[in-house]
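# A structural walkthrough
Residue strings, one per chain:
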Amino acid sequence: MTSHRVSRGASYAALIFMTLVSLLPLMWVLNSSVRTEADIDAHPLGVTWPPHWSNYREAWTQARFSSYFLNSVVVAVATVGVVLLCTIPAAYAIAVVRVRYSRAVFYVILLGLMIPVWSIVIPLFYEMRSLGLINTRSGAVLIEAAVGLPFAVFMLRAALRDLPRDVVEAAVIDGAGHLRMLRSVVVPLCMPTIKALIVFEFMWSWNELVVPLFFLQTDSVRTLPIGLSFFQGRFGADPAIVAAGTSMAVLPVLAVYLALNRQFIDGITAGASK
Amino acid sequence: MRNAANRLHLPGPARPAAALTALVVAGILALAGCVSGQGSSGTSAPTGGPQPGDSAHLTVLSQLGDNPALQPVLNRLNAAYMKSHPKTKVTIQYLTLDELTKTVPSTLASGSGPDVIDYDANESTIGSLANAHLLVPLDTYANSYGWHAKLTPSTVTRLTYDGHLYGVGRSSEGVGLFYNADLFRRLGIAAPTSYAAMIAAAQQLKSHGVIPFAFGDKDQWPSSHLIGAAIHSMVPVNTIKAVETLAGHGRWTDPAIVSAIATAAGWVKDGYVTPDFNGVSFAQAEGEFYTGKAGMFVEGTGVVPDLEANMAHVDVRFLPFPMKDPSAKQQMEGGLGGAWAITTASNAPAVAADWINFVHFSPEAQRAWLAAGVLPTTSTSSTPSGLSALIKDSLQVTQAAQADGGVGFWTGYASSPLVTDAWNSGAQVVLSGQQSAAAFANNLQDALDQARSGGK
Amino acid sequence: MTTVVQWNRSEAHAPPTGATTPARRARGALWGGRAGYFLLPAIALYGAFMVWPIGQTIWLSFTNWDGITGSPTWHGLDNYRRLVGDARFLHALEHNLEWVVGSWLAQGLGLLVAALLSAQWIRGRTFFRTVIFIPATMSLVVVGIVWDQIYDPNRGLLNTGLDGMGLHRLDHGWLADQHTAMPAVIATANWTYYGFAMVIFLGGLQSIDRSLYEAAAIDGCGPIRQFWYVAIPGLRNQITLLLLVSFINTLRTFDLVYVMTNGGPGRSTEVAAYYIYSLAFVTQQVGYGASVAVALTVVVLVVTVLFLRLREREA
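Residues numbered from 1 in each chain as written. Chains lettered and ligands numbered in written order. Predicted model: local features only at pLDDT ≥ 70, side-chain atom pairs only at ≥ 80, totals over all residues.

## Examining the overall build of chain A
Basically, it comes down to this: Each helix is a run of H or I in the DSSP string that is no shorter than four residues. Each strand is a run of E no shorter than two, and both are numbered from the N terminus. Put simply, the radius of gyration uses C-alpha atoms, and a globule should come to 2.2 Å times the residue count raised to 0.38. Buried residues are those with 20 or more other C-beta atoms within 10 Å of their own C-beta, exposed residues have 12 or fewer, and partly exposed residues lie in between; C-beta atoms are placed from the backbone.
Each helix and strand counted, chain A has 14 helices and zero strands in total. Traced from its N-terminal end to its C-terminal end, chain A shows the element sequence α-α-α-α-α-α-α-α-α-α-α-α-α-α. Against the compact-globule benchmark of 19 Å for 274 residues, chain A has a radius of gyration of 24 Å, which places it well outside the compact range. For the C-alpha atoms alone, the extent of chain A along its principal axes is close to 75 × 70 × 30 Å. Within chain A, the proportion of its 274 residues that are buried is 55%.

## Thoughts on the nonpolar core
Applied cut-off: As used here, a nonpolar core is made of buried Ala, Val, Leu, Ile, Met, Phe, Trp, Tyr and Cys residues. They are joined through C-beta atoms within 7 Å. For every residue pair, C-beta atoms are placed from the backbone, and the pair is scored as a contact if these atoms sit within 7 Å.
Counting residues in hydrophobic clusters, the biggest one holds 332 residues, and the most contacted among them are Leu-149 of chain A, Phe-213 and Ile-261 of chain B together with Ile-276 of chain C. For Phe-213 of chain B, the contacting residues outside a window of four places in its chain are Ala-202, Trp-267, Tyr-272, Val-273, Ala-294, Met-296, Phe-297 and Val-298 of chain B.

## Thoughts on the interface of chain A and chain C
Contacts between the two partners involve 82 residues from chain A, matched on the other side by 81 residues from chain C. Considering each element in turn, the side of chain A that touches chain C owes the most residues, eleven residues, to helix α1 (residues 2–32) of chain A.

## Comments concerning the pairing of strand β2 (residues 88–94) of chain B
Residue and element names in this part refer to chain B. Basically, it comes down to this: Any two strands with at least two DSSP bridges between them are considered paired. Orient the strands so they point away from the viewer, and a crossover whose first-strand-to-second-strand path over the helix runs clockwise is right-handed.
Taken together, the seven bridges between strand β1 (residues 56–62) and β2 define a ladder with parallel strand orientation. Bridge assignment links Ala-56 to a residue of β2, and that residue is Thr-88. In this fold, the crossover linking β1 to β2 by way of helix α3 (residues 71–84) has right-handed handedness.

## Notes on the environment of Ala-229 of chain B
All names here are of chain B. Its location among the elements puts Ala-229 in helix α11 (residues 222–234). For the pair formed by Ala-229 and Ala-191, sequence separation is 38 residues and the distance between their alpha carbons is 18 Å. The residues touching Ala-229, leaving out its near neighbours within four places in the chain, are Val-175, Val-298, Phe-321 and Glu-333.

## Describing unusual backbone geometry
Negative phi is the rule for most residues except glycine; trans is the rule for most peptide bonds. For the bond running from Gly-264 of chain C to Pro-265 of chain C, omega is -5°, close enough to zero to count as cis. Checked against the element boundaries, Pro-265 of chain C lands in the loop between α13 (255–260) and α14 (272–282). In this model, Arg-98 of chain A sits at a positive phi of 55°, which is unusual for a non-glycine residue. Tracing the sequence through the fold places Arg-98 of chain A in the loop between α4 (65–97) and α5 (102–111). A count of 19 C-beta atoms within 10 Å places Arg-98 of chain A in the partly exposed class. The backbone of Tyr-101 of chain A sits at a positive phi, close to 70°, despite the residue not being glycine. As for its position among the elements, Tyr-101 of chain A is in the loop between α4 and α5.

## Topic: the confidence of the model for chain A
The test is simple: pLDDT expresses how confident the predictor is about each individual residue, on a scale running from 0 to 100.
In the predicted model, chain A carries a mean pLDDT of 85, and the fraction of residues at 70 or more is 96%. Per-element averaging of pLDDT across chain A places helix α14 (residues 261–272) of chain A at the bottom with 75 and helix α7 (residues 137–161) of chain A at the top with 92.

Listed below in structure tokens is the structure:
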């Protein structure tokens, strides 16, 4: 019995340790974000009281945070939209209708999962320039959507493949056209997968560095990660202000994650079992 | 039974195939090469577009991200310009030099860059942009505003490529030796006026637990100032020039240069610089000097404004970085600290030129910059009164070096991005003692050879 | 990402063609039709922003170009000849490999946590799972900035924490030293990896039939042996998946290096993607940068195929 208790105790200890490892860096940054540079230098692990909120004001005004933030939202939402608009019909054609050559198309798209973004960035830079899409949010959206497309096609195809055939056939016999089929059969039945995709594609776009680094080079269109990477250079000397900026970038994502954490977990689990 | 097939059976299957074929064809056509560089090729200044006072919106990219103390100065001048030109709006964006060099070439190549950039005045930076026709030649504006007569001859020379002026030097800069005179007095250390005195001071500071030289090389360029100081202290400027220019025939493997690099690495080995310097940013190193954790700082006069702002109550002095051979003429690393240039992406180059003329040449601008500690690029007859001791020091030291042994180059950053790339990583390794000075010099020379053979 | 693991198998499961069941006929009716159009948006997007640029990269890899002036000029195989003897590229790939191997630690941690969390008596499962997954949701730029501060020699959490525990002797300039910089960056990456592995393994463990454990218990296996003989074989798919995903992602990794070290000190943390970036956008060797990008892509594809082959043979 005691050995039982010991092993349970050890298990909890290990879990609590991992919890601390996961949280401490964030707690430390949050704490630093309301301190002053002098305090941090004197007592790196201490607490400043009362909290020094002005770091946030400084970070917000100096770093154009509001504009970066807005750009990130616009790009991420549009990317999710484009991905879904392109992949839901495609997955339907591939997995339900099975139009000719769809399997070839599917495999070619799948290859995209393995392509490093670096093998497309160089010429894309010049392509976007000649299309006039450089330094526009739509340009970044198109690239990010293309990069995110293979995963979405794969997930949706897997979900549709599991669709009971008799449901499809019943709808066909009912005289449903493709559009009605999509609207009233495919989309409702794939909703869990679609929700998971929304979460993933949004998160990827929100966190993307390379695409905006090259394709959004003016301050008016920059997204949060780029803004932050510059932010670090700009305030490198003052850890408190860097911490405030970082916290502002982390908190919204954290909130979304905590609110939707079921979708995250289910999405990953579903993706892995396919 | 109404079958979906009756309605839908048409030429369907061929469609995706056709689309795929079209794509493949498009891909092959693309392979034939539709990628090309910036098409514009003008070498004469465009005079069209909005004129000063017209409605225009300028974007300015400034490298004062590294000098927070100067941002308010430029902001005030800009506000004054917009007030006297109500139809013109000018947005300034501040980046650090590191961020700027990482993004400017591709931003400009993207064809939608800013109107005005404040970029480094080297062959490898402004020079390469000028050669790529990404910058507007300024000759027409220089003539109408009389810039040639106002700028010092060496400023004009450093910014002239293929016979055209491409930039307006924003500041004169030279690398020298800052020291915390209060701290030196308190510890009873003599001023580092000679090389021997400087080394003696370093030893004494170290024995008192003070870092002799504040130094952080995480950003990679500060090594150019530390090792560059050693090179300019030990190698004649003409030899340096032969190495730091693409047209020259000098070699990094010149024994004098190798020995200077080894000397700088020796300071590190003797424990004279900030520990773990490869993990310390420039801003942090600067902070160590502000707070008296370090007693000396080998840096360019460009940091004077920051020192003024952060060490108002400390007696900071500036000396020429001493020549290792006391009988040699005093030389100095440096040149220009950034230059204003107009990009070919600008729709309003005439307005941009007018803005540059105001923020750099107007009497109020000249006053404001000098008072903030920025050394002028215009020929000044006399030193105005009311300047702080530190600003006076830096002005006098730089002018004296100019007249004596000469102001050299920004070490490793002058000739080509290839050399700079080799410098950035190599200097970290050679200073940490993990590579010999000779091996480092060899790598730099390889990069220079590649650049000189046109394989940039 | 998961795809790759699966696609060969799904093909094997495709229904035999030519069977004229009623279902087949119904589908035959739909077969083709205007549904072909439904593929067009995806094909257009993918073709324009993936296929086309890949073709272009391949073409550029045979040229010499600075990316700014004029047009690329044909250079034949020169770039590839240079690549073969390019120690810097091999060095960068080595760092990628270290990263791959280093990331196995995170997979192991994820497995351990998942195993603990799937014990029936555990309380607060959702809490632990939610919190431990948090690092995996964060942008690598943010993670890089945070950990850069943590590794700060003087005021970083790591050194000051060590000091606080009386371990001054372990203080170190983690990112300043060529020998510790790469492990420090990999540790940072691992911080974002283990949560993902945990969730995948949790899903796998939940689908293992409880009765298998019971059978093992009856055979006298303790919890550890039960885990070894029942859980591990049951997690085969998840393990392959994670190994493959981490491999692909690690080979193309860039963000942390860009934010934390610029590839330094020296080139001690330079990875392949950073080298490509530096060639194409810093030193303006676009043609050669393209050839390195092609080489990297080929490496990823070849290893993926080998990996899947190996796995199939084992199965």
